[in-house]
Amino acid sequence: MTVDLVLSNLSKSYGAALAVDDVSLEVRKGEWLSLLGPSGCGKTTTLRMIAGFIEPSMGLIEIKGRNVTQIPPYRRNTGMVFQNFALFPHMTVDENIAYGLRIRKEQPAVIRRKVEEALSLVRLEGYGGRYPTRELSGGQQQRVALARALVIEPDILLLDEPLSSLDAKLREELCVEMSELQRRLGITTIYVTHDQEEALSMSTRIAVMSQGRLIQIGTPAEIYERPATRFVADFIGKINIVKARLLDAVTAAIVAEGGVTSLTLGSQTEVSVGTEIELGIRPELIEIVRGEEQGLIYGTVRHVAFYGGEIRYRVAINSETTLEVSEHNRRQIPLQEGDRAGLKVDGANCLVLK
Ligand code: ATP
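Computed from a predicted model, the values in this text were never measured in an experiment.

The rules we used
- Residues numbered from 1 in each chain as written.
- Predicted model: local features only at pLDDT ≥ 70, side-chain atom pairs only at ≥ 80, totals over all residues.
- Heavy atoms only, no water.
- Helix = DSSP H or I, 4+ residues; strand = E, 2+ residues; numbered from the N terminus.
- Buried < 20%, exposed > 50% of the residue type's maximum accessible area, 1.4 Å probe, protein only.
- Areas by Shrake-Rupley, 256 points an atom, 1.4 Å probe, with all protein chains shown as cover.
- Lys, Arg positive; Asp, Glu negative; His and termini not counted.
- Charge placed at Lys NZ, Arg CZ, Asp CG, Glu CD.
- Polar contact = N/O pair within 3.5 Å; in protein donor to acceptor, adjacent residues only side chain to side chain.
- Contact = heavy atoms within 4.5 Å.
- Phe/Tyr/Trp six-rings, centres within 6.5 Å; stacked < 30°, edge-to-face > 60°.
- Disulfide = S-S within 2.5 Å.
- Near = heavy atom within 4 Å.
- Nonpolar A, V, L, I, M, F, W, Y, C, P; charged D, E, K, R; others polar.
- Pairing = 2+ DSSP bridges.
- Axes fitted to C-alpha atoms, helices over the stretch in contact; angles between N-to-C directions.
- Salt bridge = Lys/Arg side-chain N within 4 Å of Asp/Glu carboxyl O.
- Domains from an automatic or database assignment.
- Buried area = accessible area lost by both parts, 1.4 Å probe.
- Parallel < 35°, antiparallel > 145°, perpendicular 65-115°, else oblique.
- Left-handed = near helix turned anticlockwise from the far one by under 90°.

Once that is clear, we can look at the overall build of the chain. Each helix and strand in the chain was counted, giving nine helices and 20 strands. Taken over the C-alpha atoms alone, the chain extends approximately 80 × 45 × 40 Å along its principal axes. Classification of the 354 residues of the chain by burial places 49% in the buried group. A total of about 17400 Å² of accessible surface is found on the chain, and carbon and sulfur atoms cover 48% of it. On the chain, the mean spot of the 41 positive side-chain charges and the mean spot of the 45 negative ones are 6 Å from each other.

Rendered as structure tokens:
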């Protein structure tokens with residue numbers, strides 16, 4: 001497996017503050033790695049260090065086996081798309097895309113051919129003569145920025161929240177387009193986002209960051225299904241956090257309206273018996289049972305929201321815990337506010353949060 005990017009103990013401090021704190025990771029050829037985390041967690045700083053715009057305080061950056069830590073941005077062969085696209089307003093689309101090739105002193109005929117190819121990649125044939133900021137929509141500008149980054153055939157494509165200024169529907173379309181293009185070209189891509197849905201749907205792997213540190217790295221399914229910490233569980237997707245008491249190594253008890261329900265967990269916990277623990281339960285893994293059944297958790301429906309394909313309920317199971325439950329809309333009769341709800345939870349699907 002070829003590794004295209006290695007970060008070793010990468011740190012960046014501003015005075016006493018650590019923006020990036022000892023981050024090490026490897027990105028394989030053709031991967032789409034998303035750096036995901038809340039605002040201020042250090043993802044942009046990490047990306048900019050990879051691009052060469054910010055000098056690390058400590059650590060090493062290797063691209064295709066070459067130590068580039070001290071090498072200026074234009075000699076790293078990375079292509080970058082910025083949040084606000086950063087297109088040159090006084091240049092046409094063609095000139096914007098050709099810019100990197102001109103700096104590399106390519107022949108005019110080669111430039112013309114590569115610009116045409118890049119325009120066709122992002123489906124903007126015929127737009128080369130327009131001025132980007134005045135004569136193109138936001139989505140088209142984003143495509144020009146992508147073409148400008150790709151035309152130099154970079155070793156690594158760096159994307160800094162390139163969709164954040166666009167509206168929701170367009171973002172979704174461009175997400176699909178960008179990931180199709182990325183897979184077709186097989187280009188190694190680092191994508192900065194704070195949008196967990198984008199990260200989950202587009203990435204080969206996700207690196208979750210918090211307060212400058214890398215907390216977990218894994219495939220979207222690994223991160224979602226086996227989050228390493230409470231922070232990751234809570235940040236990626238919706239999750240209910242419920243207090244429970246450990247009855248033995250694999251049994252947890254939850255106090256709800258109808259009394260105590262015990263759940264058999266998927267694996268042994270390391271904490272001692274009798275301890276209060278927190279369980280994480282995803283809303284889609286709670287089933288609403290209509291009618292009586294053994295082992296249900298009972299509560300009262302406090303809120304019902306209709307989303308077309310699914311119905312989301314908020315069910316209070318005790319004075320301090322309200323669970324969010326999502327149910328596919330299969331035309332079953334929805335519960336109403338005030339109804340008693342029986343919830344079926346498979347203990348094997350509960351995460352014991354750390
Ligand atoms: P966002 O999603 O809001 O862009 P981010 O995860 O990309 O956030 P960074 O921009 O990398 O976060 O910033 C990480 C931390 O470093 C923040 O606390 C930020 O305030 C701080 N920081 C960034 N640049 C500087 C700077 N030039 N001087 C001082 N502090 C900085």
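Structure shown, so let's carry the discussion forward.
On the secondary structure map, T251 appears in strand β12 (residues 251-256). Within the local environment of T251, its side chain forms a polar contact with the side chain of D248, the two groups lying 2.9 Å apart. Excluding its chain neighbours within four sequence positions, the residues that come into contact with T251 are R245, L246, S262 and L263.

A separate point is the packing of aromatic side chains. The full count for this structure, using the stated rule, is four aromatic pairs. Measuring from centroid to centroid gives 5.1 Å for W32 and Y191, while their planes differ by 45°, and the two rings are tilted. Here Y191 lies in strand β8 (residues 188-193) and W32 lies in strand β3 (residues 32-36), a separation of 159 residues in the sequence. Neither residue differs from the other here; W32 and Y191 are each classed as buried.

For the rest of this paragraph, the subject is the state of the cysteines. If you walk through the whole model with that rule in mind, you get zero disulfides. Not engaged in a disulfide, the cysteine C41 finds its nearest cysteine sulfur in C175; these two sulfurs lie 18 Å apart.

It is worth spelling out the site of the ligand at this point. In the vicinity of the ligand, the residues found are Y14, A19, P38, S39, G40, C41, G42, K43, T44, T45 and E161. At 2.6 Å from an oxygen atom of the ligand is found a side-chain nitrogen or oxygen belonging to S39. Residue T44 places a side-chain N or O atom 2.5 Å away from an oxygen atom belonging to the ligand. Per element, the largest residue contribution to the shell around the ligand is three residues, and it comes from helix α1 (residues 43-51). Partitioning the shell around the ligand into residue classes produces four nonpolar, five polar and two charged.

Here strand β16 (residues 297-306) runs beside strand β19 (residues 340-345); their pairing, made up of four bridges, is antiparallel. Counted as the bridge partner of G299 is A341 from β19. Sheet topology note: the β16/strand β17 (residues 310-318) ladder contains six bridges and is antiparallel. Opposite H303, over in β17, you have R314 as the bridge partner. The hairpin turn running from β16 into β17, its antiparallel successor, is three residues long, and G308 in that turn takes a positive phi close to 85°.

This part takes up the sheet that holds strand β15 (residues 286-289). With antiparallel pairing, five strands are arranged side by side in an open sheet as β15-β19-β16-β17-β18. Two strands bound the open sheet, and with one partner strand each, they are β15 and β18 (321-328). Neighbour-to-neighbour, the strand axes of the sheet open up by a mean angle of 45°, direction not taken into account.

Let us now look at the pattern of salt bridges. Under the counting rule described, the total for this entry stands at 20 salt bridges. Of the charged contacts in the structure, one is a salt bridge between D4 and K64, with a shortest N-O distance of 3.8 Å. In this pair, D4 is assigned in strand β1 (residues 3-14) and K64 in the loop between β4 (58-63) and β5 (66-67), connecting sequence segments 60 residues apart.

The next point concerns the domain arrangement of the chain. Annotation of the chain at the domain level lists domain 1 (3-235) and domain 2 (240-352). Just the C-alpha atoms count here: the centres of domain 1 and domain 2 sit 40 Å apart. At the junction of the two partners, domain 1 supplies six residues and domain 2 supplies five residues. Buried surface at the junction of domain 1 and domain 2, both sides included, amounts to about 530 Å², of which 42% is carbon and sulfur. Summed over the three residues of domain 1 that lose the most area to domain 2, namely Y224, R230 and A233, the buried surface amounts to 76% of that side. Our count for the contact surface shared by domain 1 and domain 2 stands at one salt bridge. With its nearest N and O atoms 2.6 Å apart, the salt bridge here joins E278 to R230. Of all elements in the fold, only α8 (220-225) and α9 (230-235) reach the threshold of two or more residues within the side of domain 1 that touches domain 2. The greatest single-element share of the side of domain 1 that touches domain 2, amounting to three residues, is contributed by α9. A per-class count over the side of domain 1 that touches domain 2 returns three nonpolar, no polar and three charged.

So, on to the packing of helix α2 (residues 93-103) against helix α3 (residues 108-121). Between two packed helices, both the angle of their axes relative to each other and the distance between the axes serve to describe the pair. Two numbers describe how α2 lies on α3: the axes approach to 10 Å, and their chain directions differ by 125°. Classified by the interaxial angle, the pair formed by α2 and α3 is oblique. The interaxial crossing formed by α2 with α3 has right-handed handedness. Residues V93, D94, I97, A98, L101 and R102 of α2 form the contact with α3, whose participating residues are I111, K114, V115, A118 and L119. A breakdown of the residues in the contact of α2 with α3 according to their chemical character gives eight nonpolar, no polar and three charged.

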